[in-house]
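# Close look at the chain arrangement
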Amino acid sequence: MRYNEKVLEHYRNPKNVGSFDEQAENVGTGIVGAPECGDVMKLQIQVNENNHIVDARFKAYGCGSAIASSSLATEWIKGKTLDEAKQIKNTDIASELALPPVKMHCSVLAENAIKKAIEDLQRKKAKDNNK
Amino acid sequence: METQNLYPHRCSKCNAQMFSPVVCQSCQTLFDIERDVDYFTMFGFERKFDIDSEELEKRFIELSRLVHPDFHSNDVDNVMMLSMQITSELNQAYETLSDPIKRAEYLLALSGGPDAEKDKSTPEELLPYILHLRESFEFAQAQDDKAKTDEIRQSIKVLKEQTEQRIFQLARELNSPSNDNSLRSELRKQLNAIRYINNLARFVNV
């Protein structure tokens, strides 16, 4: 199977690779995995006081499609509100990257990672408000 | 380990005692087995986790010989086809049963448990720990810190062994008739875990 050119571009030059401090109050972290293939992905968002995502980082240990999906996901969520970011669907990622059916789960992983990162952030904020 | 023949049937052609439903070792007649014959039954074993691996290999070789297409090349076409079909099933069955992790996975499926696609759960804190080990390994490697990379390899080895032991223990319990859903989900969880751990182990050459 050959990778689509867009997948290769993200794979060769992944955007936003790295980490933020997980403990920071304006950072949400989502760690997800696909047991079918053993891929693991971490996606982090950083928000400003208006809950706009100002920056995002990821680390993905897996195939080219998993890396490309998470790289694209971090690009897409930057500048979005949390609610807007939640609307991103794995199918959007898959069609942008022209992922074949056997690689669909990579885009699912990216969508789940975004959701988990947002949940993590909201949990932190809720805790904060209860203090 | 005591090995017993759990396929107490006689050949419908020559009436000899059979040990596998796929072929009669006496008259070499091949049988088109129904789909619901599981891999354990194919080798004349009881459907349980612990099997005698030497005996499994012995039976695999014996059955492969009896079923081999070369021995049936003079038979009519449909028997020749059957010979190839059974050979492929035997290979599949042997590959599954000879690997304890695949055997546990197979037993879970037979018991009606979920597959990895249906139930992706993992033990709590496993994924962050996997990420942590991987990142620390990469960092230590970049620093050429041999003591540290060895230490991380050792941690991964221990994690792998512990998880395997847990899987074997759960797969043995699956055998008992009282097995419940929580046992099946726990086994699923550990089988999911071992895939991440094996990926990591391959990465660090453990």
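Residues numbered from 1 in each chain as written. Chains lettered and ligands numbered in written order. Predicted model: local features only at pLDDT ≥ 70, side-chain atom pairs only at ≥ 80, totals over all residues. Heavy atoms only, no water.

## Re the nonpolar core
Within the largest apolar cluster, 37 residues are counted, with the highest numbers of intra-cluster contacts made by Val-22, Met-42, Phe-43, Leu-90, Leu-97 and Ile-167 of chain B. Elements that contribute at least two residues to this core include exactly α1 (39-42), α2 (53-67), α3 (77-98), α4 (100-110), α6 (146-173) and α7 (181-203) of chain B. In terms of domain composition, this core takes at least three residues from each of domain 1 (9-98) and domain 2 (115-204) of chain B. In this structure, Ala-66, Ala-94, Cys-106 and Ile-118 of chain A belong to the second largest nonpolar core, which totals 33 residues. (Core = buried A, V, L, I, M, F, W, Y, C linked by side-chain atoms within 4.5 Å. Buried < 20%, exposed > 50% of the residue type's maximum accessible area, 1.4 Å probe, protein only. Helix = DSSP H or I, 4+ residues; strand = E, 2+ residues; numbered from the N terminus. Domains from an automatic or database assignment.)

## Points about the environment of Gln-92 of chain B
All names here are of chain B. With respect to the secondary-structure elements, Gln-92 resides in helix α3. According to the relative accessible area criterion, Gln-92 is partly exposed, its value standing at 43%. Measuring from C-alpha to C-alpha, the distance between Gln-92 and Tyr-39 comes to 8.6 Å, with 53 residues separating the pair along the chain.

## A few points about the domain arrangement of chain B
All names here are of chain B. Taken domain by domain, chain B consists of domain 1 (9-98) and domain 2 (115-204). Each of domain 1 and domain 2 has a C-alpha centre, and these two points are 35 Å apart. The interface is formed by four residues belonging to domain 1 together with four residues belonging to domain 2. In total, domain 1 and domain 2 occlude about 350 Å² of area from one another, counting both sides; carbon and sulfur atoms represent 60% of this. Of all residues in domain 1, Lys-48, Phe-49 and Asp-50 give up the largest surface area on contact with domain 2, accounting jointly for 91% of the area buried on that side. Applying the counting criterion to the domain 1 and domain 2 interface returns one salt bridge. Between Asp-50 and Arg-172 there is a salt bridge, with its nearest N and O atoms 2.8 Å apart. Summed over the shared surface of domain 1 and domain 2, the result is one residue pair in polar contact (both at pLDDT 80 or more). Along the lines of polarity and charge, the residues of the side of domain 1 that touches domain 2 split into one nonpolar, no polar and three charged. (Contact = heavy atoms within 4.5 Å. Buried area = accessible area lost by both parts, 1.4 Å probe. Salt bridge = Lys/Arg side-chain N within 4 Å of Asp/Glu carboxyl O. Polar contact = N/O pair within 3.5 Å; in protein donor to acceptor, adjacent residues only side chain to side chain. Nonpolar A, V, L, I, M, F, W, Y, C, P; charged D, E, K, R; others polar.)

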